[in-house]
Amino acid sequence: DPDRKTEVVLLACGSFNPITNMHLRLFELAKDYFHETGKYKVIKGIISPVGDAYKKKGLISANHRVTMAKLATKNSDWVEVDDWESSQSEWLETLKVLRYHHQKLLAPDATNSLEDAVPLTKLGQKRKREPNRHKPIQKKNQSPDIKSVPQVKLLCGSDMLESFGVPNLWKLEDITEIVERHGLVCISRAGSNVQKFIYESDILWRHKNNIHLVEEWITNDISSTKIRRALRRGQSIRYLVPDGVRAYIEKNNLYGPESEDRNAGVVLAPLQKYASDSKN
């Protein structure tokens, strides 16, 4: 029954500094993968650029990064940009962003504040445990099967998955909740060692059924770092980023030696936060 497919929303968090064709490809690859399983229907993709408080070296202002992402997705009929995360005054854990978007699907009008982004209730879990998952026979006055809330899955590249291993970058309980309650879609280069990384992590191994590995056979080695390097050197980035993004960067003269030195010597927000937590 095609109506019984699990609906999926793909959420990509990151710097998008600047957004590139590779970022956009991640969404297409993930969508193809889910549709090929026959069990899922991807209804939306969301790009959520990190806020300025993340303090990453070379990170230019969020409003530029959000504007570029909007230009990049202008022609997409399913990927959109959300600036909730980037407009927060402090850095937000990825888990809070996932919760926020899940909550927004539950109650589209209620997500004005962070307070609403409470941990997921067991709501969505109920159906899974019922032994008989076939469609119940409808009694006359019974309401038809209510569709479950779409799942919000975190879309990432293998570098993000492997960053789970960096000390003090992620909280263990956050990683657990992300893979347990939401799920991960990881796009990895054919031949990369993501499987080995999952095998070597007890948490990831325990929830490996909720980690979808998508192999990228048409490899795409574009990265924001390389784009910024080309721009610093006055080299062309055409065909590596969407044309609207390229024009915007040129018009606003966005990336140069000065912008790359932003936040130099500043400790990344999560490292600052978790390192001080572990001392207390």
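Data block above holds the structure.
Residues numbered from 1 in each chain as written. Predicted model: local features only at pLDDT ≥ 70, side-chain atom pairs only at ≥ 80, totals over all residues. Heavy atoms only, no water.

Quick notes on the sheet that holds strand E1 (residues 6–14)
To summarise the sheet geometry, strands pair through backbone hydrogen bonds and adopt either a parallel or an antiparallel arrangement. One open sheet holds the 6 strands; their spatial order is E3-E2-E1-E4-E5-E6, and the pairing between them is parallel. Here the strands that pair on one side only, and so sit at the sheet edges, are strand E3 (79–81) and strand E6 (211–216). Across this sheet, the average inter-strand angle for adjacent strands is 25 degrees, counted without regard to direction. Inspection of the sheet shows E1 paired to strand E4 (residues 151–157) by 4 bridges, in the parallel sense. Paired with Leu11 across the strands is Leu154, a residue of E4. Taken strand by strand, helix H3 (residues 94–106) contacts E1, strand E2 (40–49) and E4, and its axis lies near 145 degrees from that of E4. (Pairing = 2+ DSSP bridges. Helix = DSSP H or I, 4+ residues; strand = E, 2+ residues; numbered from the N terminus. Axes fitted to C-alpha atoms, helices over the stretch in contact; angles between N-to-C directions. Contact = heavy atoms within 4.5 Å.)

Some remarks on the pairing of E2
Most of E2 sits inside the fold, with 7 of its 10 residues counted as buried. Where E1 and E2 come together, 9 bridges link them in parallel fashion. Within E2, the residue paired with Val8 across the bridge is Val42. Viewed along the sheet, the connection from E1 through helix H1 (residues 21–37) into E2 turns out right-handed. The pairing of E2 with E3 spans 3 bridges and is classified as parallel. (Buried < 20%, exposed > 50% of the residue type's maximum accessible area, 1.4 Å probe, protein only. Right-handed = clockwise from strand over helix to strand, strands pointing away.)

Side note on the side chain of Asn210
Structurally, Asn210 is set in the loop between helix H8 (202–206) and E6. With residues near it in sequence (within four places) discarded, Asn210 still touches Lys153, Val179, Glu180, His182, Gly183 and Leu184.

Points about the packing of aromatic side chains
Aromatic ring pairs: the centre-centre distance and the angle between the two ring planes describe each pair. Scanning the entire structure with this criterion turns up 8 aromatic pairs. With 5.1 Å between their ring centres and 70 degrees between their planes, Tyr33 and Phe34 make a pair best called edge-to-face. In this structure Tyr33 comes out as partly exposed when scored by relative accessible area, which is 23%. Judged by relative accessible area, which is 0%, Phe34 ranks as buried. Geometrically, the ring pair formed by Trp84 and Tyr100 is stacked, given 3.7 Å between the ring centres and 0 degrees between the ring planes. Separated by 16 residues along the polypeptide, Trp84 in the loop between E3 and H3 and Tyr100 in helix H3 bring together distant segments of the chain. Tyr100 carries the same exposure label as Trp84, and that label is buried. The rings of Tyr33, Phe34 and Tyr40 are connected pair by pair, giving a single aromatic cluster. (Phe/Tyr/Trp six-rings, centres within 6.5 Å; stacked < 30°, edge-to-face > 60°.)

Thoughts on unusual backbone geometry
Residue Pro18 follows Asn17 across a cis peptide bond; omega there is 0 degrees. Within the element layout of this structure, Pro18 appears in the loop between E1 and H1. One non-glycine residue with positive phi stands out, namely Tyr239, at about 75 degrees. Structurally, the position occupied by Tyr239 is in the loop between helix H9 (224–232) and helix H10 (243–252). A relative accessible area of 66% places Tyr239 in the exposed class. For Asn253, which is not glycine, the phi dihedral falls at a positive 50 degrees. Along the chain, Asn253 turns up in the loop between H10 and helix H11 (257–260).

So, H1
When the terminal C-alpha atoms of H1 are compared, their 25 Å separation across 17 residues agrees well with the 24 Å that a helix rising 1.5 Å per residue should span. Within the sequence span of H1, burial applies to Met22, His23, Leu24, Leu26, Phe27, Leu29, Ala30 and Phe34. The backbone nitrogen of Met22 lies 3.1 Å from a side-chain oxygen of the residue at the head of H1, namely Thr20. Downstream of H1 by one or two residues, Gly38 has phi in the positive range, about 80 degrees. (Expected span 1.5 Å × (residues − 1). Polar contact = N/O pair within 3.5 Å; in protein donor to acceptor, adjacent residues only side chain to side chain.)

Quick notes on the layout of surface pockets
Computed from the structure, the second largest pocket encloses a volume of approximately 1100 Å³. What lines the second largest pocket is a set of 47 residues, and nearest its centre among them are Cys13, Gly14, Lys56, Asp159 and Met160. Considering every element that reaches the lining of the second largest pocket, the biggest residue donor is H1, with 4 residues. The residue inventory of the lining of the second largest pocket, partitioned by class, reads 23 nonpolar, 13 polar and 11 charged. (1 Å grid on protein atoms, 1.4 Å probe; cavity = no way out; pocket = protein on both sides within 12 Å on 5 of 7 lines; lining within 4 Å. Points joined across faces, edges and corners; volume = space filled by probe spheres on them. Nonpolar A, V, L, I, M, F, W, Y, C, P; charged D, E, K, R; others polar.)

Section: the environment of Trp84
What makes Trp84 buried here is its relative accessible area of 8%. Separated by 16 residues in the primary sequence, Trp84 and Tyr100 have C-alpha atoms spaced 9.2 Å apart.

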